[in-house]
Amino acid sequence: MSQLSVPTARRLARGAAALAICAAFLTACGASDSADTQASTKSGSSSGGQALTATEADFSITLDKDKLTAGTYDIDVVNKGHATHDLVVAKDGKNIGQSDTVGPGKSTTLTVTLESGDYVFYCSIGNHRAMGMETTVSVS
Ligand SMILES: [Cu+2]
């Protein structure tokens, strides 16, 4: 817990500062804030999103849930295959999130915010998607 509390407090403080700036200028302040959130959640600590696990193998992607509700998810990308993989989250052909590449036996975390609709989760490495590393997810 003590490892979490310092960066969390720092993030809250930064958020408060960003809010103060927004209130003062009323300009678009969202971009840097969300980029900051993404960067700080890469290491795998929970950012408060819901947990979702994507298990990757050669060549498949399996989610531990197939029906999701809209919201923010911390996706645990676990590579149980022998090849390097990644995870891309796409909606209507547009990528909305992409994990780091994950070596065999390794894992990483990708935080994405999903709205209602149909998403495709796939691996963008080589021809893995065509070989079966693709799964559809419906978000309500
Ligand atoms: Cu792959």
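Sequence order as written defines residue numbering, which begins from 1 separately in each chain. For a predicted model such as this one, the threshold for reporting local features is a pLDDT of at least 70, and the threshold for listing and counting side-chain atom pairs is 80 or more; totals across whole chains, interfaces and linings nevertheless cover every residue. Hydrogens and water are ignored here; the side-chain numbers use all heavy atoms of the structure.

Draft legend 1. Spatial organisation of the overall build of the chain. By the criteria applied, helices consist of DSSP H or I runs no shorter than four residues and strands consist of E runs no shorter than two, each listed in order from the N terminus. Within the chain, the regular secondary structure consists of 2 helices and 9 strands. Reading the chain from its N end, one meets helices and strands in the order α-α-β-β-β-β-β-β-β-β-β. The buried share of the chain, taken over its 140 residues, is 29%. Throughout, a residue-residue contact means that at least one pair of heavy atoms, one from each residue, lies within 4.5 Å. Contacts spanning at least 24 positions in sequence make up 57% of the contacts within the chain whose residues lie at least 6 apart. The Shrake-Rupley method, run with a 1.4 Å probe sphere, supplies the accessible areas, and residue values consider only the shown protein chains as cover. Total accessible area on the chain is roughly 8,100 Å²; 55% of this is exposed by carbon and sulfur atoms. Buried, partly exposed and exposed residues are distinguished by accessible area as a fraction of the type maximum, computed with a 1.4 Å probe on protein chains only: under 20%, between the cut-offs, and over 50%, respectively.

Draft legend 2. Expanded view of the nonpolar core. I75, L87, V89, L114 and F121 are the most contacted members of the largest nonpolar core, which totals 20 residues. Looking at this core, the elements that each hand over two or more residues are β1 (50-57), β2 (60-63), β4 (71-79), β7 (107-114), β8 (117-122) and β9 (134-139). What L87 contacts, discounting residues up to four positions off in sequence, is A54, E56, I61, I75, V77, G97, Q98, S99, L110, F121 and Y122. Only buried residues count toward a nonpolar core. Its members are Ala, Val, Leu, Ile, Met, Phe, Trp, Tyr and Cys residues joined through side-chain atoms within 4.5 Å.

Draft legend 3. A look at the pairing of β7. For β7, a buried count of 6 out of 8 residues is recorded, marking the element as mostly surrounded by other parts of the structure. Bridging between β4 and β7 involves 8 bridges; their strand directions are antiparallel. Looking across to β7, one finds that D76 is bridged to T109. Pairing between strands is defined by DSSP: at least two bridges between them are needed.

Draft legend 4. Summary view of the coordination of the copper ion. Coordination of the copper ion by the protein is provided by H85 (ND1), C123 (SG) and H128 (ND1), with metal-donor distances spanning 2.0 to 2.1 Å. When the donor residues of the copper ion are listed from N- to C-terminus, their spacing reads H-x37-C-x4-H. In this pair, H85 is assigned in the loop between β4 and β5 (88-91) and C123 in the loop between β8 and β9, connecting sequence segments 38 residues apart. Any N, O or S atom lying within 2.8 Å of the metal counts as a donor, and for Na, K and Ca the limit rises to 3.2 Å; water is left out, so some sites can look incomplete.

Draft legend 5. How the structure looks around the sheet that holds β8. Pairing is mixed in the open sheet, where 5 strands are placed in the order β3-β9-β8-β5-β6. For this open sheet the edge positions go to β3 (67-68) and β6 (94-98), each flanked by a neighbour on one side alone. Bridge count between β5 and β6: 4 bridges; the pairing is antiparallel. What sits directly across from V89, in β6, is G97.

Draft legend 6. A look at the environment of L63. Secondary-structure assignment places L63 in strand β2. By relative accessible area, L63 is classed as buried at 15%. Once the C-alpha coordinates of L63 and V137 are considered, the two residues, 74 residues apart in sequence, prove to be 8.9 Å apart.

Draft legend 7. Inspection of the side chain of D86 at higher detail. Positionally, D86 belongs in the loop between β4 and β5. Judged by its relative accessible area of 2%, D86 is buried. Polar contacts, as counted here, are pairs of nitrogen or oxygen atoms within 3.5 Å of one another; within protein the pair requires one atom able to donate a hydrogen and one able to accept it, and residues that are adjacent in sequence qualify only if both atoms are side-chain atoms. A polar side-chain atom of D86 sits 2.9 Å from a polar atom in the side chain of Q98. A distance of 2.6 Å separates polar atoms of two side chains, one belonging to D86 and the other to S124. With near-sequence residues (within four places) excluded, D86 lies in contact with E56, Q98, S99, D100, T101, Y122, C123, S124 and I125.

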